[in-house]
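Single-letter residue listing:
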Amino acid sequence: MSQLLLDLFHRSYFLIVYGIALMISVKTYRKYFETVFKYLPLIIAYTFLNELLGYFIKYYPDFSLFNDIKYSNINEIIYNLYDIVFFPYFYYAYWKLSTNSDNKKRIAWASSFAILAYLISCIFQNPMDTMLYYAYFVASFVLVYCIATNFIEKKQNNIDVVNTYNLVFWINMALIIFYAISPFLLFIGYTKIEIWNQFHFALILKILIIIMYSILTIGLLLNRKLAFR
């Protein structure tokens, strides 16, 4: 058991930041339970458990989703399913945060396009054994667009874009740092594996995860209920 845990944290040490973020999100829940991010602890918990399951599928055959030994360590399907929960949740949150009717329509159309991208990708890629990286690229771009829209609206309404007591600011920063970069890394990982290995993109991706969830954790700690907007 101890060796299993050592292997887990050696290979997936970034899981620690998921766990910390989850604990802090629950501890500070009263600060934001009435906002659009009231389900954030569930999303973080889902992320943590999904990564944990992904790890065990990859390194322990007993957890395999396939009977064929050739596919025993394939875990892409659980990440594809995760994406179609994660992205719509944040699209909806930014749609709710928007106070401009035109922006709401644009976010709704962009979000629909991102979901459509996943459906179309399933025609050309098998979601059971490969990441739908084209759709992920589109979905990430749409999420960055939603965040940019939130920044622009704040500017137009004379609301401080940088507010360390506002949870939205920290979520914006956490998401945009990761989703402005990770699609390019993963696209290269699935299409140019030699570049992925040569430049240690797997390590860079893990660092981005740590940065993203560290920023989110700081935001949860500093967040004040009255500053949410």
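All values derive from a computational prediction rather than experimental measurement. (Residues numbered from 1 in each chain as written. Predicted model: local features only at pLDDT ≥ 70, side-chain atom pairs only at ≥ 80, totals over all residues. Heavy atoms only, no water.)

*Asks:* Can you lay out the nonpolar core for me, pointing to particular residues and giving the numbers?
*Replies:* Counting 58 residues, the largest nonpolar core has Phe37, Leu40, Phe90, Leu143, Leu175 and Tyr213 as its most contacted members. Put simply, the parts of the chain that give this core at least two residues each are helix H2 (15-27), helix H3 (40-59), helix H4 (76-97), helix H5 (101-124), helix H6 (133-156), helix H7 (167-179), helix H8 (182-191) and helix H10 (201-222). If we skip the residues at most four places from it in the chain, Phe90 touches Phe37, Leu40, Ile43, Leu143, Ile171 and Leu175. (Core = buried A, V, L, I, M, F, W, Y, C linked by side-chain atoms within 4.5 Å. Buried < 20%, exposed > 50% of the residue type's maximum accessible area, 1.4 Å probe, protein only. Helix = DSSP H or I, 4+ residues; strand = E, 2+ residues; numbered from the N terminus. Contact = heavy atoms within 4.5 Å.)

*Asks:* Can you tell me about the packing of aromatic side chains, naming the residues and giving the values?
*Replies:* This model, assessed by the stated rule, comprises 29 aromatic pairs. With 5.5 Å between their ring centres and 85° between their planes, Phe86 and Phe87 make a pair best called edge-to-face. Residue Phe86 shares its accessibility class with Phe87, and that shared class is buried. When the ring of Tyr92 is compared with that of Trp95, the centres are 6.0 Å apart and the planes differ by 20°; the resulting orientation is stacked. In this pair, Tyr92 and Trp95 are both assigned in helix H4, three residues apart and thus about one turn of the helix distant. Ring-pair connections join several aromatic residues into one group, and the members of that group are Phe37, Tyr46, Tyr82, Phe86, Phe87, Tyr89, Phe90, Tyr91, Tyr136, Phe178, Tyr179 and Phe228. Here the basic side chain of Lys104 rests over the ring of Trp95, its NZ or CZ set 3.9 Å away from the ring centre. (Phe/Tyr/Trp six-rings, centres within 6.5 Å; stacked < 30°, edge-to-face > 60°. Lys NZ or Arg CZ within 6 Å of the ring centre and 35° of its normal.)

All we've got here are geometric facts, nothing functional implied.
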